[in-house]
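Summary of the model geometry
Read off the chains here:
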Amino acid sequence: TEAIGLYNVGQSCCLNSLLQMFLMNIYFTRILRRITVPLHAVQKKKNVPYQMLLLLEEMQCGKRKAVSPKNLAYCLSAYRVKLFVQYDAAQLFLTLWNLIKEQMAKPELVEELNCLYTICVQEHLACQKCSHETKRNSSMLTLPLPVLDSNFHVLKTLEDCLQYFFQPEELSDHNMCFCVQCGRKTPFLQSMKLVHLPQTLTIHLKRFCFEQSSYIHKLSHYLPFPQNLDFNAVLTENQCQADDNEKATWQYELFAVVAHSGSTSCGHYCAYIRSLTECKWYCFNDSEVCQVSWDDVKCTYGHASLHWGETAYLLVYMKKHPQ
């Protein structure tokens, strides 16, 4: 009945934080509990969903304050997810999710997993000379939000980041596209419209940016994010391509924050997660787990002068009223 930690088995703080984010999500664990168990011992050792299920059961049945994820870590090492390596949480999240999806034998569970996490958008390209327009539907696992605008000015809130992400962009000069109707390269207006939001929405704050000489710099400036997020209040009609029934479900409540402290080359991850059964916030710092307040979570907003300080990197929101 208590929140259980995960021992660090070799610079595994990033992996541990993401595992807690998955396993504290009751919608995900409902899917995980229905997987097909592999028949042979060798298959069991190499099956990521099965190893996650074993870890979940050990966390729920044990009476220890923390358990070791070493069997799952060894399983992941077969898929180039090595120990003693610094990982980017957004990239590792995508890797884990794809491995889970690929190794689920039941098509209906794959479909449920897609519905639980996948964001649907519609990409628009419109010629500025003849108004010829092309549209393409695509899906994404996270919303990768820039925290700076094109002029390198700081975006001040999460809502500003969302507005900027869905703001149309003019493609001109060397960025012009070939228009089949005009028969030449012309300026285009590129935009993205929101079509569907999942039950579990993952937002990636792009706090790591490249500078000269391929140096990766961490952006630690103050960026508040709300506990409650209504996309209808943030985006305009022109930024959405959804019916009223879909939009009625676009009200979210914060579920988890994966935070990064330290530098890009020597950092540490932990996770702040709100228990969906207890409605209490916990901080999962490897094997150490403690109950925290919303004020503690707000400490991950960042601070411009504390480049090594703790800053939110992944935000996970849950639908308040799922369909």
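Up top is the structure.
My aim in this report is to walk through the structure given alongside it, one point at a time. Keep in mind that what you see is a predicted model, and the values were worked out from it rather than measured. Every chain is numbered on its own, with residues counted from 1 as its sequence reads. Confidence filtering applies because this is a predicted model: local features only for residues at pLDDT of at least 70, side-chain atom pairs given and counted only at 80 or more, and all residues used for totals across whole chains, interfaces and linings. The basis for the side-chain values is all heavy atoms of the structure; hydrogens and waters are excluded.

**Remarks on the overall build of the protein**
- Looking only at helices and strands, the protein features eleven helices and 18 strands.
- Dimensions of the protein, computed from the C-alpha atoms along their principal axes, are close to 65 × 50 × 40 Å.
- Only protein chains enter the accessibility calculation, which uses a 1.4 Å probe; a residue is then buried when its area is under 20% of its type maximum, exposed when over 50%, and partly exposed in between. The 323 residues of the protein split such that 49% are buried.
- A fraction of 67% describes how many contacts in the protein between residues 6 or more apart in sequence connect residues 24 or more apart. The helix and strand labels rest on DSSP assignments: H or I over at least four residues marks a helix, E over at least two residues marks a strand, and numbering proceeds from the N terminus. In what follows, residue pairs with any heavy atoms lying within 4.5 Å of each other are defined as contacts.

**Here's the deal with the pairing of strand 17 (residues 288–292)**
- Alignment of strand 16 (residues 281–285) against strand 17, held across five bridges, turns out to be antiparallel. When the bridges of strand 17 are listed, Asn-285 appears paired with Glu-288.
- Where strand 16 folds back onto strand 17 in an antiparallel hairpin, the turn is made up of two residues, including Asp-286, whose phi is positive at roughly 55°. Two strands qualify as a pair provided that DSSP identifies no fewer than 2 bridges between them.

**Concerning the packing of aromatic side chains**
- Paired rings are identified among Phe, Tyr and Trp, the last through its six-membered ring, by centres lying within 6.5 Å, and are further divided according to the angle between planes into stacked (under 30 degrees), edge-to-face (over 60) and tilted (the rest). What the rule picks out here adds up to 14 aromatic pairs.
- Between the aromatic rings of Phe-22 and Phe-28, the centroid separation amounts to 5.0 Å while the plane-to-plane angle is 45°, which identifies the pairing as tilted.
- You can call Phe-28 buried: its relative accessible area is 0%.
- Every member of this aromatic cluster is reached through a ring pair, and the members are Tyr-222, Phe-225, Trp-281, Trp-294 and Tyr-301.

**A short note on the nonpolar core**
- Counting residues in each nonpolar core, the largest one holds 55 residues, and the members touching the most others are Leu-18, Phe-22, Phe-28, Met-52 and Tyr-117.
- Domain borders in the structure are assigned automatically or taken from a domain database. For this core, the two domains that each supply at least three residues are domain 1 (1–118) and domain 2 (141–168 + 198–322).
- Sequence-distant contacts of Leu-18, defined by excluding residues within four places in its chain, comprise Ala-89, Leu-92, Phe-93, Leu-96, Val-258 and Leu-314.
- Core analysis: the second largest hydrophobic core is formed by 42 residues, Phe-225, Trp-250, Leu-315 and Tyr-317 among them. The term nonpolar core refers to a set of buried residues drawn from Ala, Val, Leu, Ile, Met, Phe, Trp, Tyr and Cys, joined through side-chain atoms within 4.5 Å.

**Some points on helix 4 (residues 48–61)**
- For a helix, the expected span equals 1.5 Å multiplied by the number of residues minus one. For helix 4, built from 14 residues, the straight-helix expectation of 20 Å at 1.5 Å per residue is met to within 8% by its first-to-last C-alpha distance of 20 Å.
- Burial in helix 4 covers these residues: Val-48, Pro-49, Tyr-50, Gln-51, Met-52, Leu-53, Leu-55, Leu-56 and Met-59.
- Polar contact is the term for a pair of N or O atoms within 3.5 Å; when the atoms are in protein, one must be able to donate a hydrogen and the other to accept it, and sequence-neighboring residues count only if both atoms are side-chain atoms. Where helix 4 starts, the residue carrying a side-chain oxygen 2.9 Å from the main-chain nitrogen of Tyr-50 turns out to be Asn-47.

**Some thoughts on the side chain of Thr-202**
- Assignment of secondary structure puts Thr-202 in strand 10 (residues 200–206).
- Exposure remark for Thr-202: the relative accessible area of 1% places this residue in the buried category.
- Leaving out residues up to four positions away in the same chain, Thr-202 has contacts with Phe-93, Tyr-117, Ile-119, Leu-141, Thr-142, Leu-143, Leu-315 and Val-316.

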